[in-house]
Each structure stands twice: as C-alpha cells, then as structure tokens.
Amino acid sequence: MPLLDWLPGAHRSRPGEGQGAAPRPASATDWPFPFPPPGRAKPSPPDTIPPGIAYRWPFHPLAGPPLPSRGVPAPVSLAEFKRELSGWCDDVGVISIDDPALAHEREEILWVYPHTRSLVCMIGEENKAAMQSRYLPSANNELYRCEERLWEMGRRAVKYVNALGGEGLTTTIGWPQEVGQRWADKIWPLSHKLVAQAAGLGVIGLSRNFLHRKFGAYCLIDTVLTNLEWPAYDAPVAWNPCLQCNLCVASCPTEAIKPDGDFDFFACYNHTYRDSIPGFLDLVRDLSERSRREFKQRWTDNEIAALWQAMAFKVEYRCFNCVATCPAEIEDAFHAERDVRRRYLDETLKPLTHTRAVEDEQFVIDSPSMREKHGIPPGEWRTPIDRRSRSAAGVRLVSLRRIRTQSVDAMMRWMPQYFRPYEARGLAFTTQFLLTGEGGGAWAMRIADERCEVRPGTVEHADLTVRTPALLFLALHRGEASALWGLLSGRIRLGGRRRLFFLFPRLFPTEAGSTRLHRWAFRLRRALRRS
C-alpha cells in the first residue's frame, strides 16, 4: 500500500530525514493486507481519501536469537481434529501462524506463545432471543454465559492437543488485562475476528462485528495457540452478507457505524462501554478536578450506581443494537421474502432503535457542534433531566480528552479516531507535523471530505506546517500544556496558513470553556442562528 497515496509528491521518511525522525513500529501500511475493508465496497472518486482499515502494529520484536521451533506434526488429519472439537465447540477453524492475515500480529502472537504453529479458532453461539431483548441485563448475562462456555471449550481443546502430543494455550476473550501497559493503544495481542475470517468461518461486517455463516452476529470467538501443525489449513470464504442491508447503520444510537465503511470508535466506545473504562476515568478525574457543585451537575446517582455495579459484578454494556438488528443468519430469507423483512423491521429493528435512541440517555462526545445541536451551554454537561418520567432520555456530554494516549506514536496513529467529521464541513487542507526530540518524527495529515488521514512521512506543499517538540505535542493532546503559551514561547512554530492551527481544538475537541464569556458567546451564536 503506497504511503500517502492521496497526495502527489509525498514520500516516506527515511532515517535522518525530517525533524528528529526515528525508527517506528511497523503498521498495517507496511503489509499487503489480505482482506478488503468491512462492509459495502465503494469506489472512491479521484482526489479523495479512500476509506481505510484501522492501523494495526506489532507489540515489539523478540529480543535476542529466536527460540528453536517446537512444532509437532499432528498425528490426525485436520478434518478429524475439527470433527473431535465439534463435540464441544459450536464451530471451529484452523489457520497457520504464517497466514498473511496475521502478518501484522505474528510477533505479538509469538510473544504470547513462542512455539505457535497453528491457531485454532472456536465459535460460541449466543442465544438470539436474549441478545435481541430490550431488557439489557438479559443480553449482558447471555454475553457472559457464552464467554464461560468458550473458556470451557478452550480448556477441553488444550487437553485434546496434549493427548495428541502437542502443547497450547488459550488467549483472552474481550478485554485483555493489558491496559496498564498499553493504554490507550492496541491492548490485545491477537485479533480473534481476523483469525475467524481467515479460517473461513465468516466475515467482519460493516459494524465490525464478526458475522458467522450460520449464527450471524450472535456469536463470540476465542483462539487456542498450539505447536501442532498440518500440511494444509482452512481458507477464507467468498460469502459476504454485509452488502446492502445497513440495519446496523440505521439502529446505531451514536451514528458510529457509517454506510461508507468508516467507523467512529470513540462514539461507540464512550456510549456502549460507558460503565467500563471511560466512565471510571471520568469519575476519578471529576472527583479530583471539579468543585462539589460541578460534580453534582455531571454525575447522577444512577450513573455512580452503574459504575459501582460494573466494578462489583461485571460491566453492563449499554447497547447491542448492531448485533441485535443484524439479519446475517437469515440473509437469504431477509432479502428474498418481503414478509420476513417487514416482520423483522417491525418486531426487531424499530423497538430496539426506539429504546436505545429515544428512551435511553445518550453519551455524546463534547464538541461545539454537539453543544449547539442539543442546546447545552458552556458550564453544563447534559440536557435537563425530566424527573416526571421513568425514562432516562436525554444527552450527556463526555470529554474526548479523557481517553489519552501515552506515547507520541500512538497519539498520531489515533488522530483519525479523535477527529470529529461534523466539525470539518467545507474544510480541505494538509498539515505537515515535524516533531523533534524524543519520540519525534515526521507525520502528514490530510483533512478533506469530512475525513482525516494520518500517515508517517513528509509531503510537499503542505498548507500548514507545525514544528514542535514531540513531547510538548503529546502534552497538548493530554491537556497538560497550553498551545497559546507554546506559541508565545516559540516552542510551537507554524508555517503556511497559520490560522488552520486554531481549528484543531474544534476538529479534535478539547473540553469547552465554562467562563461567563464562553456562555455569553454560546447564547449569541444561537441567537444569530435563529435570526
């Protein structure tokens, strides 16, 4: 994949090129990635930014000489091996460690188990009725019960591998316990969905859920790493139900799933996982930073109780719409029979969409446009609570800055996720970042067509050039430094169209100011729009 293929004259940074260029981990741009982006294939017009897949990169290479291979030829055929595992797995597929789908994660997998030769992907079916229930505890309970079944599948699979003379281990389902080392970054060593797709068990859909050929979106995945090896393995299938339905787009309460293939990670994360990491980070920082009055405005009793429940029991996910409204498991009937489609829309899509988008409180990224849209002035963080209603309807703004990365490299790669496209209507410009000092390097960013694309390297004729120490730019991102003071002190130097730099707080939102001047300006803008 050519670097910066969206701009003429762009070229890769080489060692010694740019300001403080330094070696960096490989990314997905360095591999011929074997799968197309999820969802509907859509050609990109000339001179526009094509939809891209998420960046993926190895943890770090193994130090010292490689360990000797302890690969063991399997004493049974692959078909017999899978037939045995089918006695306790709902479905199973096997691929090689050398499969091109895992090229970007190979070193990480070998870090977990250095003798890996094969990956055994196990599927656990979820109860469709529970996942489609408007009563969220039923869906959450089904999710955790399915995880428990997968752990047992993995334990039995490893015992069978041992009986064949091999060794192996299971990895992790869902959130792995690596947030203390790699937050906020790629906190998983192995992408189970990519393994399942490479093994021909299904495809990754527009919603980023894995869609199984038989179970649709109603399934979970786990993987066993083993030193058993076979002469041939499973292969991907051409089946793809995610082409023209778009029900996940219609039902998403946060508009995180885009019909053109893009996905707003932070919109989904801050809403669905609210009672997990983002809510906990917000609570702790508000306790340390806010006055008593501000804290009461930001936190209701039920929000605090939900976080207590998540820490005392388990996380309650606030939305499963993309799973519950996906008809992949009835794809043929859904598209061929009007009665089936009508019943599905009336009995599944509409009730769930209304519940999640109308009756439940929405957690929305705090940005100028969202404050304007929902009428929330500076100094306030939610729409008024209706105490007369049993519904939790309303909007609660959450700060994007609270999800802060720990390194310059991670920050730059995550910038397209922090980007708010609705704040960039009508904008088109390129920025060259020349970050000096420790962790520095050259990065190019283009914003156009309400998209943001960031790649390592340099580009000719950038509209804006930003020269600054890398750690200062990271401190700005984390809210620990002032951009104004950086400009006045000369530590941030701008070239080209300098005014574009002052759009960044809106495009990559920081928390809104809450002074009287901010509130007055907000009311004035709303009054001018109405007139």
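Read on for an overview of the structure.

So, how was this worked out
- Residues numbered from 1 in each chain as written.
- Predicted model: local features only at pLDDT ≥ 70, side-chain atom pairs only at ≥ 80, totals over all residues.
- Heavy atoms only, no water.
- Helix = DSSP H or I, 4+ residues; strand = E, 2+ residues; numbered from the N terminus.
- Buried < 20%, exposed > 50% of the residue type's maximum accessible area, 1.4 Å probe, protein only.
- Contact = heavy atoms within 4.5 Å.
- Areas by Shrake-Rupley, 256 points an atom, 1.4 Å probe, with all protein chains shown as cover.
- Core = buried A, V, L, I, M, F, W, Y, C linked by side-chain atoms within 4.5 Å.
- Pairing = 2+ DSSP bridges.
- Axes fitted to C-alpha atoms, helices over the stretch in contact; angles between N-to-C directions.
- Salt bridge = Lys/Arg side-chain N within 4 Å of Asp/Glu carboxyl O.
- Right-handed = clockwise from strand over helix to strand, strands pointing away.

1. As for the overall build of the chain
Then, number 1: The helix and strand tally for the chain stands at 20 helices and 15 strands.
Then, number 2: For the chain, with 531 residues in total, the buried portion stands at 52%.
Then, number 3: Across the chain, contacts joining residues at least 24 apart in sequence account for 75% of those joining residues at least 6 apart.
Then, number 4: Of the roughly 25,600 Å² that the chain leaves accessible, carbon and sulfur atoms contribute 55%.

2. A word on the nonpolar core
Then, number 1: Counting residues in each nonpolar core, the largest one holds 53 residues, and the members touching the most others are F81 and L85.
Then, number 2: Secondary-structure elements contributing two or more residues to this core are α1 (78–85), β2 (91–96), β3 (118–125), α4 (136–163), β7 (219–226), α7 (247–251) and α14 (338–359).
Then, number 3: Considering every element that reaches this core, the biggest residue donor is α4, with eleven residues.
Then, number 4: In contact with L85, not counting residues within four places along its chain, are V92, V120, A157 and Y160.
Then, number 5: Membership of the second largest hydrophobic core comes to 47 residues, among which are I403, A410, Y422 and I447.

3. Here's the deal with the sheet that holds strand β11 (residues 429–436)
Then, number 1: Read across the open sheet, the five strands follow the order β13-β12-β11-β14-β15; overall the sheet is mixed. Of all strands in the sheet, those with a lone pairing partner are β13 (451–456) and β15 (493–496), marking the two edges. Put simply, the sheet's adjacent strands are angled 20 degrees from each other on average, direction ignored.
Then, number 2: Bridge analysis of strand β14 (residues 464–469) against β15 gives four bridges, and the strand direction is antiparallel. Paired with R467 across the strands is R493, a residue of β15.
Then, number 3: Contacting β11 and β14, helix α17 (residues 470–477) runs over the sheet at an angle of about 100 degrees to β14.

4. Describing the pattern of salt bridges
A side chain of one charge can pair with a side chain of the opposite charge when the charged atoms of the two come close.
Then, number 1: Scanning the model with the defined rule gives 28 salt bridges in all.
Then, number 2: The closest approach of N and O atoms between R70 and E167, which form a salt bridge, is 2.7 Å. Here R70 is found in the segment before β1 (72–73), whereas its partner E167 is found in the loop between α4 and β4 (168–170), with 97 residues between them in sequence.
Then, number 3: On the basis of relative accessibility, which here comes to 37%, the residue E167 falls in the partly exposed class.
Then, number 4: Note that E229 is salt-bridged to R117, the shortest N-O span being 3.2 Å. Separated by 112 residues along the polypeptide, E229 in strand β8 (residues 228–229) and R117 in the loop between α2 (106–112) and β3 bring together distant segments of the chain.
Then, number 5: Judged by its relative accessible area of 26%, E229 is partly exposed.
Then, number 6: Within the structure, one salt-bridge network assembled from shared partners comprises D98, R106, R117 and E229.

5. Concerning the pairing of strand β10 (residues 394–398)
Then, number 1: Of all the five residues making up β10, four are buried; the element is thus mostly covered by neighbouring parts of the structure.
Then, number 2: Here strand β9 (residues 361–365) runs beside β10; their pairing, made up of five bridges, is parallel. Residue pairing for β10: Q362 is matched across the bridge by V395.
Then, number 3: As for the winding sense of the linkage, the β-α-β connection from β9 through helix α15 (residues 368–374) to β10 is right-handed.

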